[in-house]
Amino acid sequence: MDLFEYQGKQYFARYGIPVSPGDVALTPDEVVATADRLGYPVVVKAQVQVGGRGKAGGIKLAGDAAQARAHAEAIIGMDIKGHKVKRVWVEHASDIAREYYASFTLDRGAKKHLAMVSAKGGVEIEQVAEEDPSAIARLHIDPFEGFSPEQARRLVEEAGLDEEARAGATDVLLKLYRCFVEGDADLVEVNPLVLTPDGRVHALDAKVTLDDNAAFRHPEWEELAGVAEMDDRERLARKLGLQYVGLDGYVGVIANGAGLAMSTCDVVNQVGGSPANFLDIGGGASAEVMANALEVITSDPNVRSILVNIFGGITRGEEVANGIVTALARVDITVPMVVRLDGTNAEQGRQILSTVEGEKLVSAASMMEAARTAVELAGVQR
Ligand code: GDP
Ligand code: MN
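Residues numbered from 1 in each chain as written. Chains lettered and ligands numbered in written order. Predicted model: local features only at pLDDT ≥ 70, side-chain atom pairs only at ≥ 80, totals over all residues. Heavy atoms only, no water.

> Just to check I follow, could you spell out the overall build of the protein chain for this structure?
When its secondary structure is counted, the protein chain shows 13 helices and 18 strands. Its C-alpha atoms give the protein chain principal-axis dimensions of roughly 80 × 50 × 40 Å. Burial statistics for the protein chain: of 382 residues in total, 48% are counted as buried. Only carbon and sulfur atoms are counted for the fraction: they give 50% of the accessible area of the protein chain, which is about 18000 Å². Computing the positive centroid from 38 side-chain charges and the negative centroid from 57, the protein chain places the two 1 Å apart. (Helix = DSSP H or I, 4+ residues; strand = E, 2+ residues; numbered from the N terminus. Buried < 20%, exposed > 50% of the residue type's maximum accessible area, 1.4 Å probe, protein only. Areas by Shrake-Rupley, 256 points an atom, 1.4 Å probe, with all protein chains shown as cover. Lys, Arg positive; Asp, Glu negative; His and termini not counted. Charge placed at Lys NZ, Arg CZ, Asp CG, Glu CD.)

Dropping the structure here:
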């Protein structure tokens, strides 16, 4: 789960990472009230989960109430790279002497944590990596050994942070690592981490991705998820308890088991198509679950055909087929659907499906054939 900047900053604050005082606001009136309380100058920041808000005009400094109101009116409702701004974060503006970069991520390949620090902050790190890779100091951390103050000091030095920022940055790095590990994050990024003219170091931006697999030990994340940015399909799927990931193709995919769902997406790609989603209906392919899955998939206007790929195991073929038949009566399917049924009692299942087979529902014998047919029926110009 990705957090908004304001949530990330609140997460940081729990671990003692210095951030500017501020508050969330939904309307220009709230922005002005908050700004009055914080004291000017303030900065009004669009809360969308996309980088480069500054360049897009989503971050503005205000010296007085009139300016704060004008910026709030311009930013709330604004579209930033396809993300509509619903709320802003208002914080007391900082004076900036220097902008740095700091992050911790997982390096799955190396099975280690990866720390990155750079004296070139405030611009996108991908850009720095491309133009001047030596400007990023990197350190792999063994998760069992942890991150020592000595390692933090060396990293800050190696990155070439200014002398007066080093102690503060070392302290922030150690706290940020605790936030990353104890906070169960997959990513914590501060860009920029700033040095103020009076020698303080603090986080001006926050990007945090929480590890959803750790949600069971963080009941407090529920609250964060309430405002998380999900597309409508993901929201519906979550409500229905389905494992769903939205993609940007046009073949809707339904399979039982995550492995099979992934392979199905791969095969769709192999035959020149593009999956619209990944949807794992899990073990029980009941009519209820199948109808829910079809409902989520057909709510996506990009879906031009549906590919149902079920390998019967504990779930038997005839149950799946009955589920599909019942679901078809419940959900209005306007795009062609291809079903590949294999495994336990597949033959019986196919017989049941043959009673509803027609223009809209086609049965296929193999996964490859099913994918080809689904892509063909989608009729998308490539
Ligand atoms: P991003 O563009 O989405 O990464 O948003 P950031 O929060 O990183 O802000 C972008 C830029 O706005 C920063 O790099 C700063 O240069 C500037 N900025 C943000 N907050 C302040 C502030 O409090 N004071 C000043 N002077 N500039 C700020
Ligand atoms: Mn930033």
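From this point, the discussion proceeds with the structure in view.
> Help me out: how do you make sense of the coordination of the manganese ion (ligand 2) in this one?
Around a metal, the ideal angle is 109.5 degrees if four donors adopt a tetrahedral arrangement and 90 or 180 degrees if six donors adopt an octahedral arrangement. Within the first shell, the manganese ion (ligand 2) binds the protein through Asn191 (O) and Asp205 (OD), at distances of 2.2 Å. Of this pair, Asn191 sits in strand S10 (residues 185–195) while Asp205 sits in the loop between strand S11 (201–203) and strand S12 (207–210), and the two are 14 residues apart along the sequence. Each member of the pair, Asn191 together with Asp205, is buried. (Donors = N, O, S within 2.8 Å, 3.2 Å for Na, K, Ca; no water.)

> Even after reading the chapter, I still don't get the site of ligand 1, so can you show me in this structure?
In the vicinity of ligand 1 lie 16 residues, with Lys45, Arg53, Gly54, Ser94 and Glu99 positioned nearest. Gly52 places a main-chain nitrogen or oxygen 3.5 Å from an oxygen atom of ligand 1. Between ligand 1 and the protein, one listed contact pairs an oxygen atom with a backbone N or O atom of Gly54 at 2.9 Å. For ligand 1, whose unbound accessible area comes to 570 Å², protein coverage reaches 80%. (Near = heavy atom within 4 Å. Polar contact = N/O pair within 3.5 Å; in protein donor to acceptor, adjacent residues only side chain to side chain.)

> What is the right way to look at the side chain of Glu5 in this model?
In this fold, Glu5 is placed in helix H1 (residues 5–14). Residue contacts for Glu5: discarding those within four places in its chain leaves Lys45, Gln47, Arg53, Trp89, Leu204, Asp205 and Ala206. (Contact = heavy atoms within 4.5 Å.)

> Any chance you could explain the pattern of salt bridges here in plain terms?
Two side chains of opposite charge can pair, provided their charged atoms sit close to one another. Enumeration according to the criterion identifies 22 salt bridges in this entry. Residue Arg14 pairs with Glu220 through a salt bridge whose shortest N-O separation is 3.8 Å. Taken together, the positions of Arg14 in helix H1 and Glu220 in the loop between S12 and helix H7 (221–227) put the pair 206 residues apart, joining distant regions of the chain. Via salt bridges that share partners, Glu5, Lys9, Lys45, Arg53, Glu91 and Asp205 belong to a single interconnected network. (Salt bridge = Lys/Arg side-chain N within 4 Å of Asp/Glu carboxyl O.)

> Would you take a moment to explain the sheet that holds strand S3 (residues 59–62) for this structure?
Each strand in a sheet pairs with its neighbour through backbone hydrogen bonds, running either in the same direction (parallel) or in the opposite one (antiparallel). One open sheet holds the four strands; their spatial order is S1-S6-S2-S3, and the pairing between them is antiparallel. At either end of the open sheet lies a strand with only one pairing partner, and these are strand S1 (22–25) and S3. Here the average twist between neighbouring strands, direction ignored, is 20°. As paired elements, strand S2 (residues 42–46) and strand S6 (residues 88–92) share five bridges and run antiparallel to each other. Across the sheet, the residue bridging to Lys45 is Trp89, located in S6. Packed onto the sheet, helix H2 (residues 28–38) meets S1, S2 and S6 and runs at close to 15° relative to S6. Along the sheet face, helix H3 (residues 65–75) touches S2, S3 and S6 and points at about 165° away from the line of S3. (Pairing = 2+ DSSP bridges. Axes fitted to C-alpha atoms, helices over the stretch in contact; angles between N-to-C directions.)

> Help me out: how do you make sense of the environment of Val303 in this one?
Within the element layout of this structure, Val303 appears in the loop between helix H10 (287–298) and strand S16 (305–312). Overall, the relative accessible area of 7% leaves Val303 in the buried class. Separated by 242 residues in sequence, Val303 and Leu61 have C-alpha atoms that sit 43 Å apart. Those residues in contact with Val303 that sit more than four places away from it in its chain are Tyr250, Gly252, Ala276, Ile297 and Val335.

> When you look at unusual backbone geometry in this model, what are you seeing that I'm missing?
Negative phi characterises most residues that are not glycine, and trans characterises most peptide bonds. Cis geometry marks the peptide bond from Tyr40 to Pro41; its omega dihedral reads 0°. Locating Pro41 in the fold gives a position in the loop between H2 and S2. With an omega of 10°, the peptide bond between Asn191 and Pro192 qualifies as cis. Here Pro192 shows up in strand S10. The phi dihedral of Lys81 falls on the positive side, at around 45°, and the residue is not glycine. Among the secondary structure elements, Lys81 is positioned in the loop between strand S4 (79–80) and strand S5 (83–84). Looking at Lys81, the relative accessible area reads 54%, which means it is exposed.

> Even after reading the chapter, I still don't get the nonpolar core, so can you show me in this structure?
What tends to happen in soluble globular proteins is that the nonpolar side chains get buried as a cluster. Phe12, Phe104, Leu173, Val188 and Leu210 are the most contacted members of the largest nonpolar core, which totals 41 residues. If you tally residues by element for this core, the top one is helix H6 (residues 166–182), at seven residues. The residues touching Phe12, leaving out its near neighbours within four places in the chain, are Ile17, Val19, Leu176, Cys179, Val188, Glu189, Val190, Ala203, Asp205, Ala206 and Val208. Grouped together as the second largest cluster of nonpolar side chains are 31 residues, Ile254, Leu279, Leu294 and Leu341 included. (Core = buried A, V, L, I, M, F, W, Y, C linked by side-chain atoms within 4.5 Å.)

It is worth stressing that arrangement in space is one thing and function is another; only the former is reported here.
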